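# A closer look at the structure
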Amino acid sequence: MIKLATDPWPPYSLGQKGGALESGYAFDIGTEVSKRIHCKLKADLLPWKRVLACMKNGTYDITFPIQSKPEREAFMIFTNVILEDRVFLWHLKNRKDKLPGWETIDDLKPYTIGIVSGYTYRDKMDQAIENGIIKTEKVNSADCNFKKLLRKRFDGFLESESVVMSFFQKYPEYRNRITHAPQIVSKDVFRIGISKNSPFVEMLPEINRVIQEMKEDGTIERIMTMTK
C-alpha cells in the first residue's frame, strides 16, 4: 500500500480535513499511478504543515500536488512534472487604478496582496514577498482569499487558474465580480513528492515511467477534463 497525504485544495483535493481524500485531481491521479505500480492507495487530508512533517518522518509515502523547492529536497525526492497551472493576480472587476495592468513587481508596491501560507509563487514573486518588497496578507486557505477580496480587505490575491475556476463553479454569482490581470505571475509546476524515509523512493524511475505513460495515453488530460 502507498500512503498519500495532502491538504484540502479544490479542485486538486476534496474532502474534510482529518478525513479521507474523496475526489479531485490528486485522488484520480494518485489512484491511477498506484494502480499502474500495482499498489493500493490510502489517501488522507491533513493540514499542510502536518503533510510536510509526515514527509519528513515517513509517516506517509507521497504527497501531491507539490512543487519542488530546495528546502523540501532535504527530505523528499520529486517525480517528473505531472501538470502545470498558471497563476494570476485576481482582483475585483470594477477597479479603475493601475493594478489590472501591472507588469513588474514595482507596479505592485502600492497594493496589498493576499497569499496562502506555505505556498510558493516561484522566483521573483517569492523573493519580493520574502523581502517585503510588496505588502502581503497571509491566509490559511484559498477560500479565505476570495472572502477577503469580496469584502475589499485587500487589493488582490495570487492563485492558480484551476482553483479559481473551481470556486466559480461553486459560486457562479462571483464570476462577474472577479477577474485576473493579463500578466502571468508564475506557473505552478506540480509533481509527486516522495518521502526519503519511504521505501517507494526506490521506485522513482518506475513512477516516472508511469507518469510519462499517462501523459502519452491521454490519461492525465482526461482526468483534468473530467474533474473540471
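Residues numbered from 1 in each chain as written. Predicted model: local features only at pLDDT ≥ 70, side-chain atom pairs only at ≥ 80, totals over all residues. Heavy atoms only, no water.

### Focus: the packing of aromatic side chains
Taken as a whole and judged by the stated rule, the model has 13 aromatic pairs. Seen in terms of ring centroids, Tyr-12 and Tyr-25 are 4.9 Å apart; in terms of plane orientation they differ by 85°. Their pairing is edge-to-face. Of this pair, Tyr-12 sits in the loop between strand S1 (2–6) and helix H1 (25–36) while Tyr-25 sits in helix H1; the two residues are 13 residues apart in sequence, bridging distant segments of the chain. Owing to a relative accessible area of 1%, Tyr-25 belongs among the buried residues under this scheme. Summarising the aromatic geometry, the rings of Tyr-12 and Phe-190 are spaced 5.2 Å apart at their centres and angled 70° between planes, so their arrangement reads as edge-to-face. (Phe/Tyr/Trp six-rings, centres within 6.5 Å; stacked < 30°, edge-to-face > 60°. Helix = DSSP H or I, 4+ residues; strand = E, 2+ residues; numbered from the N terminus. Buried < 20%, exposed > 50% of the residue type's maximum accessible area, 1.4 Å probe, protein only.)

### Re H1
Between its first and last C-alpha atoms H1 spans 17 Å; for 12 residues at 1.5 Å apiece the expected length is 16 Å, and the two agree. His-38, located one to two residues past H1, shows a positive phi value of around 65°. (Expected span 1.5 Å × (residues − 1).)

### Observations concerning the nonpolar core
In globular proteins that are soluble, nonpolar side chains generally tend to be buried together. The biggest cluster of nonpolar side chains holds 32 residues, and the ones touching the most others in it are Ile-29, Phe-64, Ile-82, Leu-83 and Ile-194. Counting residues per element, the ones that place at least two in this core are S1, H1, strand S2 (41–45), strand S3 (62–66), strand S9 (178–195), helix H6 (204–216) and helix H7 (219–227). For this core, the element with the highest residue contribution is H6, accounting for 5 residues. Non-local contacts of Ile-29, meaning those with residues more than four positions away in its chain, are made with Phe-64, Ile-82, Leu-83, Met-214 and Ile-223. In terms of nonpolar packing, the next biggest core, distinct from the first, is built from 19 residues, Leu-89, Ile-113, Tyr-121 and Val-185 among them. (Core = buried A, V, L, I, M, F, W, Y, C linked by side-chain atoms within 4.5 Å. Contact = heavy atoms within 4.5 Å.)

### A short note on the pattern of salt bridges
Tallied over the full model, the rule gives 13 salt bridges. The closest approach of N and O atoms between Arg-95 and Asp-97, which form a salt bridge, is 2.5 Å. Under the relative-accessibility criterion, Asp-97 is labelled partly exposed at 34%. Residue Lys-148 pairs with Glu-137 through a salt bridge whose shortest N-O separation is 2.6 Å. Of the two residues, Lys-148 is situated in helix H4 (residues 142–150) and Glu-137 in strand S7 (residues 135–139); the sequence distance between them amounts to 11 residues. Of the residues examined, Lys-148 reaches a relative accessible area of 17% and is grouped as buried. For Glu-137, a relative accessible area of 24% gives the class partly exposed. (Salt bridge = Lys/Arg side-chain N within 4 Å of Asp/Glu carboxyl O.)

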